[in-house]
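Coordinate analysis (summary)
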Amino acid sequence: MRKPIIAGNWKMNMTPSECAKLIGELRPLVESEACEVIVCPPFTDLAAAKEALEGSSIRLGAQNIHWADKGAYTGEVSAAMLKELGVEYAIIGHSERRQYFGETDEGVNLRARAALACGITPIVCVGESLAQREAGETEAWVGAQTKAAFKDMGADDAARVVIAYEPIWAIGTGRTATSAQAEETIAFIRAVVRELYGEAAAEAVRIQYGGSMNPKNAAELMAMPDIDGGLIGGASLKAVDFSQIVNCAAEGAK
Ligand code: PGA
């Protein structure tokens, strides 16, 4: 039985004081035993977030990680730096990173492995564009992204990875994939993990759906057998909406 995992991707939103305020609103609403709940604020908010989360079951995540321990990489942040701030998860290879900042499959693999080496759980994002879906290329594209992300990774590490399937056309557009579309591609991703690492890893690996997930569609998505959670953008900035999504995931787990 895989524990549901709901992560809020705050993207480039919230100053440190706004972050502390939102966490204060979230805490009474989303403490959950049945579901792993993570907030991923910007790097500059992490110290404030750590303090605001003191004693909470809500976990802290970052939005990226560099692959090197340290060195001449202006503007980048290492796993060790994040670890010391209480970070336990990191979103890796979000489509916005790939699209606007030139991140490659190779870099995604290096970043994910650096996270694992430091005890941070990578949330590796994969997903196709609308043109790719319409051309029938979804599985080829998402399969290749998934295989590239796991390159040179041992089975034990692979089982700890969280994958977020985020069709690019559904991110921030209000246009969610149907639960059937999301399930179909997520089951395919699980089959890719099975091909790479065997049954035990495929059953252990948690795969989230992301892309305009909200309190209205969360229950239906979470009811799908291969969907283990959500990576939530817009709705994660509203405490009530985020808590309703968490509740859907927690209810389904009972
Ligand atoms: P959205 O973003 O929920 O606002 O569509 C999801 C994401 O980009 O992770």
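All of the points below concern the structure found in this document. (Residues numbered from 1 in each chain as written. Predicted model: local features only at pLDDT ≥ 70, side-chain atom pairs only at ≥ 80, totals over all residues. Heavy atoms only, no water.)

1. Examining the packing of aromatic side chains
What the rule picks out here adds up to three aromatic pairs. An angle of 90 degrees between the planes, with centres 6.4 Å apart, marks the rings of tyrosine 100 and phenylalanine 101 as edge-to-face. Considered together, tyrosine 100 and phenylalanine 101 belong to a single accessibility category, that of exposed residues. (Phe/Tyr/Trp six-rings, centres within 6.5 Å; stacked < 30°, edge-to-face > 60°. Buried < 20%, exposed > 50% of the residue type's maximum accessible area, 1.4 Å probe, protein only.)

2. A few points about the nonpolar core
Counting residues in each nonpolar core, the largest one holds 66 residues, and the members touching the most others are Ile6, Leu26, Val39, Ile163, Tyr209 and Phe242. When residues of this core are assigned to their parent elements, the largest contribution, seven residues, is made by helix 12 (residues 239-253). Among all residues touching tyrosine 209, those that are not within four sequence positions of it are Tyr165, Pro167, Ala170, Thr176, Ala177, Ala182, Ile186, Leu221, Ile227, Gly229, Gly230 and Leu231. (Core = buried A, V, L, I, M, F, W, Y, C linked by side-chain atoms within 4.5 Å. Helix = DSSP H or I, 4+ residues; strand = E, 2+ residues; numbered from the N terminus. Contact = heavy atoms within 4.5 Å.)

3. A word on empty space enclosed by the protein
Going through the model one piece at a time under the given rule, you end up with one cavity of 30 Å³ or more. Looking at the largest cavity, its volume works out to about 40 Å³. In terms of lining residues, the largest cavity is bounded by Gly93, Ser95, Arg98, Cys125, Val126, Gly127, Gln145, Glu166 and Ile168. Elements that contribute at least two residues to the lining of the largest cavity include exactly helix 4 (95-101) and strand 5 (121-126). For the lining of the largest cavity, the per-class residue count stands at three nonpolar, four polar and two charged. (1 Å grid on protein atoms, 1.4 Å probe; cavity = no way out; pocket = protein on both sides within 12 Å on 5 of 7 lines; lining within 4 Å. Points joined across faces, edges and corners; volume = space filled by probe spheres on them. Nonpolar A, V, L, I, M, F, W, Y, C, P; charged D, E, K, R; others polar.)

4. Brief notes about the site of the ligand
Surveying the vicinity of the ligand reveals 13 residues, the closest of which are Lys11, His94, Glu166, Gly172 and Ser212. Side-chain polar atom of asparagine 9 to an oxygen atom of the ligand: 3.5 Å apart, as the coordinates give it. Contact with the protein chains covers 95% of the free accessible surface of the ligand, which is 280 Å². Placement of the ligand is best described as lying within the second largest pocket. (Near = heavy atom within 4 Å. Polar contact = N/O pair within 3.5 Å; in protein donor to acceptor, adjacent residues only side chain to side chain. Areas by Shrake-Rupley, 256 points an atom, 1.4 Å probe, with all protein chains shown as cover. Sits in = over half its atoms within 2 Å of the grid points.)

5. As for the pairing of strand 8 (residues 229-232)
Neither face of strand 8 is open: one carries Gly229 and Leu231, the other Gly230 and Ile232, and all of them are buried. Note: strand 1 (residues 5-9) against strand 8, four bridges, orientation parallel. Within strand 8, the residue paired with alanine 7 across the bridge is leucine 231. In the sheet, strand 7 (residues 206-210) pairs with strand 8 via three bridges, with the strands oriented parallel. What sits directly across from glycine 210, in strand 8, is leucine 231. (Pairing = 2+ DSSP bridges.)

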